[in-house]
Amino acid sequence: MKFKKNDLLSLDKFIEESLYNKKFGYYMKSDPFGEKGDFITAPNISILFSEMIAIWAVSFWENLNYPKKFNLIELGAGNGEMMKVMLSVFDKFPLFKDRCNIKILEKSRLLRKIQKKKIKNQKIKWLNDLDELDNLPCIFIANEFFDALPIKQFLKKDSKWYERHVKILNQIKSEFLDIPFDMKQFEKKINFKISSGQKFIEYSPLTMKYLENITNKIKLSNGGILIIDYGYTEKKMKNTLQAVSRHKYVNVLKNFGNSDITYNLSFDLINQIVKKLGPFFQTTTTQEKFLTKLGILNRAEILSKNMPFSKKADMYFRIKRLIDKKQMGNLFKVSFITNKKNKFKLGF
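Residues numbered from 1 in each chain as written. Predicted model: local features only at pLDDT ≥ 70, side-chain atom pairs only at ≥ 80, totals over all residues. Heavy atoms only, no water.

1. Some points on the nonpolar core
One broad rule of soluble globular proteins: the nonpolar side chains tend to lie buried together. F14, L75, L130, F140, F146, I194 and I225 are the most contacted members of the largest nonpolar core, which has 62 residues in total. For this core, the element with the highest residue contribution is helix α10 (residues 267-277), accounting for six residues. Not counting residues within four places of it along the chain, the set of residues in contact with I225 comprises L75, F140, A142, F146, I214, I218, S335, F336 and I337. If you look at the next biggest cluster of nonpolar residues, it comprises 51 residues, including L72, F90, Y230 and F344. (Core = buried A, V, L, I, M, F, W, Y, C linked by side-chain atoms within 4.5 Å. Buried < 20%, exposed > 50% of the residue type's maximum accessible area, 1.4 Å probe, protein only. Helix = DSSP H or I, 4+ residues; strand = E, 2+ residues; numbered from the N terminus. Contact = heavy atoms within 4.5 Å.)

2. Looking at unusual backbone geometry
With a phi close to 75°, N65 is a non-glycine residue in the positive phi region. Structurally, N65 is set in the loop between α4 (47-63) and β2 (70-75). For N65, a relative accessible area of 62% puts it in the exposed group. At Y66, a position not held by glycine, the phi torsion is positive, near 50°.

3. Some remarks on the pattern of salt bridges
Counting across every chain of the model gives 14 salt bridges. Here E288 and K325 are joined by a salt bridge, their closest N and O atoms 3.4 Å apart. One end of the pair, E288, is in helix α11 (residues 287-294); the other, K325, is in the loop between α13 (309-323) and α14 (328-331), with 37 residues separating them in the sequence. Take E288: its relative accessible area is 18%, and that puts it in the buried class. Taking relative accessible area as the criterion, K325 reaches 56% and is therefore assigned exposed. (Salt bridge = Lys/Arg side-chain N within 4 Å of Asp/Glu carboxyl O.)

The values reported here are purely geometric and, on their own, carry no functional implication.
Structure follows, in structure tokens:
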């Protein structure tokens, strides 16, 4: 039994259950990644993506003045592909490798098993919670992490605010129901005027919690976070809720537990939240600009010199998917948050 008939859940609760319920949650029972899965992420398109992220991490560590011990934390490591490639890059930087404690935050037991099988590294520690981290400098990497966290939706109708809920009709079907909502009280609670200039809001309480935790760690012990996700930078928020199955969009309200439910990040909202949390340096760019500035095309040129034509064509086709404006290049944004005094701008 998944949900009971006539159950009424807030949207974030519905998403939480659909994705992370221990018995039927989407991420708890299947490997959704890759061509044979439901969607494909940048590390599965080209190893050069993961190489660029690894080089960025090494450069940021150098910028932090080569701390003797530090943590590198991947938030939600998918099928482990990015970390596997990053580790092979770190082999070329023995001092970095020696000083680095690698951690992976992963909620899904199934994905943990897949990650451990792929990565095969005894030194990596898997975390259930960021509170398990010690007070060493932390470099956080979040590639398509925040878009997988449950969201609430609020909408304004005739100058009144409503919160979107989901009413369960049967085991495979449900419908949206909007219930009057006290926005002023909510804004007091989160200490943030989120409704300013908005008619529609997407807000993730869990994202807020993670950002508070991560920025506290950065304040206390130094470090930063690199966020790579699909999203937009406009101030006006919009309805971006979607579900994906077998590389196609499907109805969010049907067949829950069998499709990925996700949304596009409002990077403007993330920036506003971070500003409220303290004085930080933050900057955002597109994935195209980030990867190009890091030298992905130069790296491809070096690798392609001794390649047969078919392999060379395949490599450039994959890079095009990552950086083309009509593909992932513009749809995906890259954001970096660190201490106010730090002006590390590699890739930005």
